[in-house]
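What the coordinates show
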Amino acid sequence: ELLSETYAAFHRVLGTDHPLTLYVQNNVAQTRLSRGHAQDAELEFREVLLLRRKNLPEGHTQIADTLTGLGECLIVNGNLSEAECVLQEALRTYHANLSDNHVRIAQAENVLGECLTAQGRCQEAEPFLIRSVARFSRGNDSTARQIRKGLQRLVDLYVAGEKPEAAAQWQAELDQRK
């Protein structure tokens, strides 16, 4: 795949610890996750996280980016407790460094909402999911994919919380965006 070849070239030319190499490696992990290879992606995110923590100052938003991706992998892989911890850390970092409407905050909140829903903590998940979908919808940097995924997580929340009317409302919104 082209992204892996790009990563190999960056690694060869710039070295393992270079910020651009780590950026590409983080994208490789995200691509693996999106293609259904969550275990491989988790290992990749963990490697990037280790190197970013070593080379970047504490509280850097690139560390939070990796934590958000790792959190998503951990949810898929069934490690909900660790996922919640890394997502909370990502959110603390983002809130300390970015404006409240930033799409990266919305992404981390949305993934945390999914994590809480998976733990059966629907009341705690709801404000994260609603707030993140609102941020996605008004953010210029949000992608249609992020909005759809956020809406799907809201549908899943209300199905899990046995609120069929709310699930139907968000499903209708999701259907309009397909």
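Before reading further, recall that the structure is shown in the block above.
As a starting point, this report considers the structure included with it. Every value quoted in this text rests on a predicted model; they were computed, and no experiment measured them. Numbers given for residues are sequential positions, taken from 1 along each chain in its written order. Reporting of local features is limited, given that this is a predicted model, to residues whose pLDDT is at least 70; pairs of side-chain atoms are given and counted only at 80 or more, and all residues count toward the totals for whole chains, interfaces and linings. Excluded from the side-chain calculation are hydrogens and water; included are all heavy atoms of the structure.

Broken down by element type, the protein carries nine helices and zero strands. By the criteria applied, helices consist of DSSP H or I runs no shorter than four residues and strands consist of E runs no shorter than two, each listed in order from the N terminus. Written out in order from the N terminus, the α and β elements of the protein read α-α-α-α-α-α-α-α-α. Atoms counted for the radius of gyration: C-alpha only. Globule rule: 2.2 Å times residue count to the power 0.38. Against the 2.2 N^0.38 benchmark of 16 Å for 178 residues, the protein shows a C-alpha radius of gyration of 17 Å, consistent with a compact globule. Each principal axis of the C-alpha distribution contributes one length, and for the protein these read about 55 × 35 × 30 Å. Only protein chains enter the accessibility calculation, which uses a 1.4 Å probe; a residue is then buried when its area is under 20% of its type maximum, exposed when over 50%, and partly exposed in between. Counting across all 178 residues of the protein, residues that qualify as buried make up 44%.

The residues that make up patches have over 30% relative accessible area and no salt bridge, and they are joined within 9 Å when like-charged or within 5 Å when they are Val, Leu, Ile, Met, Phe, Trp or Tyr. Values of accessible area rely on a 1.4 Å probe in the Shrake-Rupley scheme; residue burial ignores everything except the protein chains shown. Note on definitions: salt bridges are taken to be side-chain nitrogens of Lys or Arg within 4 Å of carboxyl oxygens of Asp or Glu. Together, Val13, Leu14 and Leu20 make up a nonpolar patch on the protein surface, roughly 270 Å² of accessible area in all. If you trace the backbone, Val13 turns up in helix α1 (residues 2-14).

A separate point is the pattern of salt bridges. Proximity of charged atoms lets side chains of opposite charge pair with each other. Inspection of the entire model under this criterion finds 14 salt bridges. Here Glu42 makes a salt bridge to Arg46, at a shortest N to O gap of 3.0 Å. Of this pair, Glu42 and Arg46 both sit in helix α3 (residues 38-55), four residues apart, which is roughly one turn of the helix. Residues Arg121 and Glu84 are paired through a salt bridge, measuring 2.7 Å at the closest nitrogen-oxygen approach.

What follows deals with the environment of Gly69. Tracing the backbone through its elements, the reader meets Gly69 in helix α4 (residues 61-76). Accessibility expressed as a relative area gives 3% for Gly69, which makes it buried. C-alpha of Gly69 to C-alpha of Gln30: the two residues are 39 residues apart in sequence and 6.6 Å apart in space. With residues up to four places along the chain from it excluded, the contact list for Gly69 reads Gln30, Leu33 and Phe45. Contact criterion: two residues are considered in contact whenever any of their non-hydrogen atoms come within 4.5 Å of each other.

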